[in-house]
Amino acid sequence: MKFFLALFAILAIAGEMRSSGVSKPLVIAHRGARSLAPENTLAAARTAKRLGADGWEFDVRMSKDGELILMHDETLSRTTNASELFPNQAPWSVAEFTLAEIKTLDAGSWFVESDPYGTIASGDVPAPEAESFRGERVPTLREALALSRELGLWVNIELKSRPSFVLAPSTKLLVEKTVELVRAMGMTSKVLISSFDPAAVQYVNAVAPEIPAALLVSSLPPDPLGYLRALGAEALNPRYDLVTEGLLNILSQAGFKVFIWTVNELEDLRKFAVDPRIAGIITDWPQRLLALLGRAK
Ligand code: G3P
Ligand code: CA
């Protein structure tokens with residue numbers, strides 16, 4: 001019974017979206033389609049594209065030798081085999097490894113072995129496809145942007161930097177290298193650079209006003225509008241449960257975009273999928289959102 005009710009709701013919303021011609025929001029695969037492929041890898045981007053997502057979100061950090069790579073955590077241990085290959089380098093901080101070392105790591109087998117979303121067990125990820133993730137490499141930002149450009153995927157680059165009001169030297173470098181690469185690859189209109197670090201967001205706007213920047217928040221500042229204006233951000237990326245009618249109205253009326261994260265449950269996806277004040281929904285389950293929007297492939 002529950003299944004039929006859920007199916008009915010999906011079909012009803014899909015019909016509503018098609019008939020109203022509403023194309024918003026962007027469907028953004030969080031760390032790639034991370035429920036179906038190892039996060040922050042090129043395989044995850046390809047999966048997002050195959051599903052029909054508009055774009056993907058990924059996390060960027062700097063290696064010991066100043067190279068930009070995709071990695072969510074401060075350390076390499078959760079999503080690679082760094083602890084096996086480099087047993088004496090605990091706690092395996094990204095900042096303590098060179099790109100050459102990082103490129104020896106397997107960033108896919110952990111997904112196959114831990115099946116973090118149960119999608120291998122359920123058959124959503126067929127066994128041969130899961131096996132193909134073994135040996136997946138940690139991508140550089142350049143590789144991720146090149147693939148995005150080739151696939152026509154919009155990109156939300158999250159710069160991982162500790163929130164601060166003073167720009168840290170390493171954050172300054174992270175921003176400058178990211179901006180340089182985005183420009184060099186002709187991707188300025190295809191990306192959004194976001195960070196929980198207000199100093200990073202402000203610096204993106206200072207050095208690259210042509211590249212959209214967003215402030216990520218997991219708690220709301222007292223005056224979101226004033227804060228975004230002061231930072232030069234063009235969007236707020238709040239955790240989805242912070243979103244209120246008042247916040248959406250204030251921001252949309254002032255011309256700011258809102259990208260919400262990380263929306264995974266059907267009920268929440270349904271609530272936001274038809275809201276024109278939401279520019280994009282970042283989700284681990286783009287397949288669910290695409291089905292709601294009548295865009296499943
Ligand atoms: O960009 C939204 C979301 O990715 C922020 O949180 O921890 O998943 O990087 P996190
Ligand atoms: Ca992120």
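Not measured: the values here are computed from a predicted model.

A look at the overall build of the protein chain
Argument step 1. Check the secondary structure of the protein chain and you find 13 helices and 9 strands.
Argument step 2. Sequence separation of 24 or more characterises 63% of the internal contacts of the protein chain that already satisfy a separation of 6 or more.
Argument step 3. For the protein chain, the exposed area adds up to about 13100 Å²; of that, 56% sits on carbon and sulfur atoms.
Argument step 4. Positive and negative side-chain charges in the protein chain, numbering 31 and 35 respectively, have mean positions lying 4 Å apart.

Focus: the coordination of the calcium ion (ligand 2)
Argument step 1. Protein coordination of the calcium ion (ligand 2) is provided by E57 (OE), D59 (OD) and E158 (OE), with donor distances spanning 2.1 to 2.2 Å.
Argument step 2. Of note, the calcium ion (ligand 2) draws all its donor residues from one chain, in the sequence arrangement E-x1-D-x98-E. Highlighted residues: E57 in strand 2 (residues 55-62) and E158 in strand 4 (residues 154-159), separated in sequence by 101 residues.
Argument step 3. In this structure E57 comes out as buried when scored by relative accessible area, which is 3%.
Argument step 4. You can call E158 buried: its relative accessible area is 4%.

Focus on the site of ligand 1
Argument step 1. All residues adjacent to ligand 1 are H30, R31, E57, D59, H72, E158, K160, F196, L216 and W261.
Argument step 2. Contact distances for ligand 1 include 2.9 Å between an oxygen atom and a side-chain N or O atom of E158.
Argument step 3. Contact with the protein chains removes 89% of the 290 Å² of surface that ligand 1 exposes when unbound.
Argument step 4. Taken together, the residues that form the shell around ligand 1 break down as 3 nonpolar, 2 polar and 5 charged.

Some points on the pairing of strand 8 (residues 257-260)
The side chains of a regular strand alternate between the sheet's two faces.
Argument step 1. In terms of strand pairing, strand 7 (residues 235-238) meets strand 8 through 2 bridges, oriented parallel. Counted as the bridge partner of A235 is K257 from strand 8.
Argument step 2. Of the crossover connections in this fold, the one passing from strand 7 over helix 11 (residues 245-253) to the parallel strand 8 is right-handed.
Argument step 3. In this structure, strand 8 lies alongside strand 9 (residues 280-283), joined through 2 bridges in parallel fashion. What sits directly across from F259, in strand 9, is G280.

A look at the side chain of T171
Argument step 1. In this structure, T171 sits in helix 8 (residues 169-184).
Argument step 2. A relative accessible area of 5% means that T171 is categorised as buried.
Argument step 3. With near-sequence residues (within four places) excluded, T171 lies in contact with S161, D197 and A200.

The rules we used
- Residues numbered from 1 in each chain as written.
- Chains lettered and ligands numbered in written order.
- Predicted model: local features only at pLDDT ≥ 70, side-chain atom pairs only at ≥ 80, totals over all residues.
- Heavy atoms only, no water.
- Helix = DSSP H or I, 4+ residues; strand = E, 2+ residues; numbered from the N terminus.
- Contact = heavy atoms within 4.5 Å.
- Areas by Shrake-Rupley, 256 points an atom, 1.4 Å probe, with all protein chains shown as cover.
- Lys, Arg positive; Asp, Glu negative; His and termini not counted.
- Charge placed at Lys NZ, Arg CZ, Asp CG, Glu CD.
- Donors = N, O, S within 2.8 Å, 3.2 Å for Na, K, Ca; no water.
- Buried < 20%, exposed > 50% of the residue type's maximum accessible area, 1.4 Å probe, protein only.
- Near = heavy atom within 4 Å.
- Polar contact = N/O pair within 3.5 Å; in protein donor to acceptor, adjacent residues only side chain to side chain.
- Nonpolar A, V, L, I, M, F, W, Y, C, P; charged D, E, K, R; others polar.
- Pairing = 2+ DSSP bridges.
- Right-handed = clockwise from strand over helix to strand, strands pointing away.

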